[in-house]
Amino acid sequence: MRLSRYFLPVLKETPSEAKIVSHRYMLRAGLIKQASAGIYSWLPMGFKILRKLENIVHQEQQRAGHIPMLMPTLQTADLWRESGRYDAYGPEMLRMKDRHERDMLFSPTAEEMFTDVFRSNVTSYKDLPLTLYQIQWKFRDEIRPRFGVMRGREFFMKDGYNFDLTKEDALHAYNRHLVSYLRTYERMGLQAIPMRADSGPIGGDYTHEFLVLAETGESEVFYDSQITDLTFGDREIDYDDVAQCQAVLEEFTSRYARTDETHVEDEFTAQVPEDRRRVARGIEVGQIFYFGTQYSDKMGAMVTDENGVRVPVHMGSHGIGVSRLLGAIIEASHDDKGIIWPEGVTPFHCGIVNLKPGVAEADEACDALYKSITALGLEPLLDDRKDSAGAKFATMDLIGLPWRITVGPRGLKNGVVEVTCRRTGESEEMTPEMAVGKIARIYGPHVGADLTQPMPQRAFHTWM
RNA sequence: CGAGACGUAGCGCAGUGGUAGCGCGUCUGCUUUGGGAGCAGAAGGUCGCGUGUUCAAAUCACGCCGUCUCGACCA
């Protein structure tokens, strides 16, 4: 993309309503514009990042064998009356009437919808296990939205629902989600720690929240410092291997890690040596639940087991706050000049700054770099505007592309361009060909090779 | 929802009863160009909305709406 043809309304000054760094930088970098309290328009570059995050979530969910679909945002009250949540939910649920005076709502979550789809189509244990999910806009009418997209009213969220014959099977689904979530966050350049969480009104003993450590986090967290040494890396995972998924869960959840909701100081001090005890703040970016037959009982989601007995299915639900992740990533990765995007989610893979647009050799060198990088399957952002060097660098630093190639007559005279790492600020001069090679090597692990396959041994009879 | 603050140009702000301002940004032209350049010119405002007080309201009073902060609540 050429900046002269893009739409990137950056701000030099910070709008006064933005209090935390991610909100300030999202506004200044031209990612979002507030439409009303807790509701945002996604400007082109913000939308691009949102789509990147969405794609990563899709890929990792499908790799785990989970099946994507899409539910309506506007739903009638009927199903919600069936589960009892229409009355239980309170004013957080945005309610409205259609022209026929029917009670409608903007979905804040979708247990009822998914359970209804399941019960209408699945009747035998042979069709299990099954995990359906969506990535869709949700609405919760928060009393006081704040912190930009970190706590909006409208938010983009992945929500998935597993349907299993037994509790053991459902717990495997729980583990599978934990593993896939660890992979997902790590691809986004985040370390998200699974912490024992409060199940809240949804009930059930099995629930973990995933928290990204950040000073501005909404939750206080207590953990064993050994946890932050754990990484998922590129280990091979067979999502159908029950023991393997269980082992990962144990590896990542055996040490003390809790939010303030479940923290018990005595257990903390008993289990963790003093030099490894950490108290910090965290941003919640996901949560997994096993809740048993709560919804299947109420809504009649039953299957016939191998003895011919109709039994309610065991369920769980699992969420990732996709729009919130933009804020979380920025909170975890920025400096005083702006955002620093991890390579896995950056809106453009590298910036090319033409210091002298209009000068033939600079224009030609930039065009050649642009074409070579595009040919690698990568997207460069070329700043070809006639503006001062300082202004261009400031914009590039603000929007946070992890790599920048600076092209000017001074360097070209010696046959070199400058490659700068946004994170470290280190620059290196090299030929344009070497610069392209460097960018190619950096992004090698992040492009291509994203194979996704559903679980091989399951055949669902209405799945076409 | 309780308490508090604030709504004036795209953004940041000044203007406390007498013709609507400043900085940044934007646009035009020229000169510039290795870390948010210079000169000249220009565009851009129902002063959140309504009612009232007054000869006169951005300014005072009342009501409403919106936004933000702290708390409670939440992904």
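What you see is a predicted model; the values in this text were computed from it and never measured.

(A) Structural view of the packing of aromatic side chains. Under the criterion given, the structure shown has 15 aromatic pairs. Geometrically, the ring pair formed by W80 and Y89 is edge-to-face, given 6.1 Å between the ring centres and 75 degrees between the ring planes. For W80, a relative accessible area of 1% puts it in the buried group. A network of ring pairs unites the aromatic residues W42, W137 and F156 as a single cluster. Cation over ring: R81 sits above Y86, and NZ or CZ is 4.7 Å from the ring centre.

(B) Up close: the packing of helix α2 (residues 44-63) against helix α6 (residues 167-187). Packing of α2 against α6 brings their axes to within 9 Å, and their N-to-C directions diverge by 150 degrees. Of the possible angle classes, the one that applies to α2 and α6 is roughly antiparallel. Both α2 and α6 take part in a crossing whose hand is right-handed. When α2 is examined against α6, the residues I56, V57, Q59, E60, Q61 and R63 are found in contact with a partner set consisting of H177, S180, Y181, R183, T184 and R187. Of the residues belonging to the contact of α2 with α6, the class tally is 3 nonpolar, 5 polar and 4 charged.

(C) Spatial organisation of the nonpolar core. Ranked by size, the top nonpolar core spans 69 residues in total, and within it L31, L53, Y185, F210, V285 and W341 carry the most contacts. Here this core gets 8 residues from one element, more than from any other, and that element is α6. Not counting the four nearest positions on each side in its chain, L31 is found in contact with M26, S41, W42, L43, M45, G46, I49, I330, I339 and W341. Ranked by size, the runner-up nonpolar core spans 28 residues in total, among them Y86, M93, F118 and L128.

(D) How the structure looks around the protein's contact with RNA strand B. In the vicinity of RNA strand B lie 40 residues, with K12, S16, G152, E284 and D397 positioned nearest. When atoms of RNA strand B within 4 Å of the protein are split into backbone and base, the sugar-phosphate part holds 45%. One nitrogen or oxygen atom from the main chain of S16 is found 2.7 Å from a phosphate oxygen belonging to RNA strand B. Here a sugar or linking oxygen of RNA strand B and a side-chain polar atom of R140 are 3.5 Å apart. Listing elements by their share of the surface near RNA strand B, those giving two or more residues are β1 (32-36), α12 (389-399), β21 (403-407) and α13 (409-412). The greatest single-element share of the surface near RNA strand B, amounting to 7 residues, is contributed by α12. Split into classes, the residues belonging to the surface near RNA strand B amount to 10 nonpolar, 11 polar and 19 charged.

(E) The pattern of salt bridges, seen in detail. Using the criterion set out here, one finds 27 salt bridges in the structure. When the shortest N-O distance is used, the salt bridge between R187 and E60 registers 2.9 Å. Note that R187 is positioned in helix α6 and E60 in helix α2, a separation of 127 residues in sequence. In this structure, the salt-bridge partner of D78 is R102, at a minimum N-O distance of 4.0 Å. One end of the pair, D78, is in helix α3 (residues 78-83); the other, R102, is in the loop between β5 (94-97) and β6 (103-106), with 24 residues separating them in the sequence. Look at D78 and you get partly exposed, because its relative accessible area is 43%. By relative accessible area, which is 43% here, R102 ends up partly exposed. Counted as one network, the salt bridges with shared partners bring together D335, D397, R404, E418 and R422.

Here is what the cut-offs are and how they apply
Residues numbered from 1 in each chain as written. Chains lettered and ligands numbered in written order. Predicted model: local features only at pLDDT ≥ 70, side-chain atom pairs only at ≥ 80, totals over all residues. Heavy atoms only, no water. Phe/Tyr/Trp six-rings, centres within 6.5 Å; stacked < 30°, edge-to-face > 60°. Buried < 20%, exposed > 50% of the residue type's maximum accessible area, 1.4 Å probe, protein only. Lys NZ or Arg CZ within 6 Å of the ring centre and 35° of its normal. Axes fitted to C-alpha atoms, helices over the stretch in contact; angles between N-to-C directions. Helix = DSSP H or I, 4+ residues; strand = E, 2+ residues; numbered from the N terminus. Parallel < 35°, antiparallel > 145°, perpendicular 65-115°, else oblique. Left-handed = near helix turned anticlockwise from the far one by under 90°. Contact = heavy atoms within 4.5 Å. Nonpolar A, V, L, I, M, F, W, Y, C, P; charged D, E, K, R; others polar. Core = buried A, V, L, I, M, F, W, Y, C linked by side-chain atoms within 4.5 Å. Near = heavy atom within 4 Å. Polar contact = N/O pair within 3.5 Å; in protein donor to acceptor, adjacent residues only side chain to side chain. Salt bridge = Lys/Arg side-chain N within 4 Å of Asp/Glu carboxyl O.

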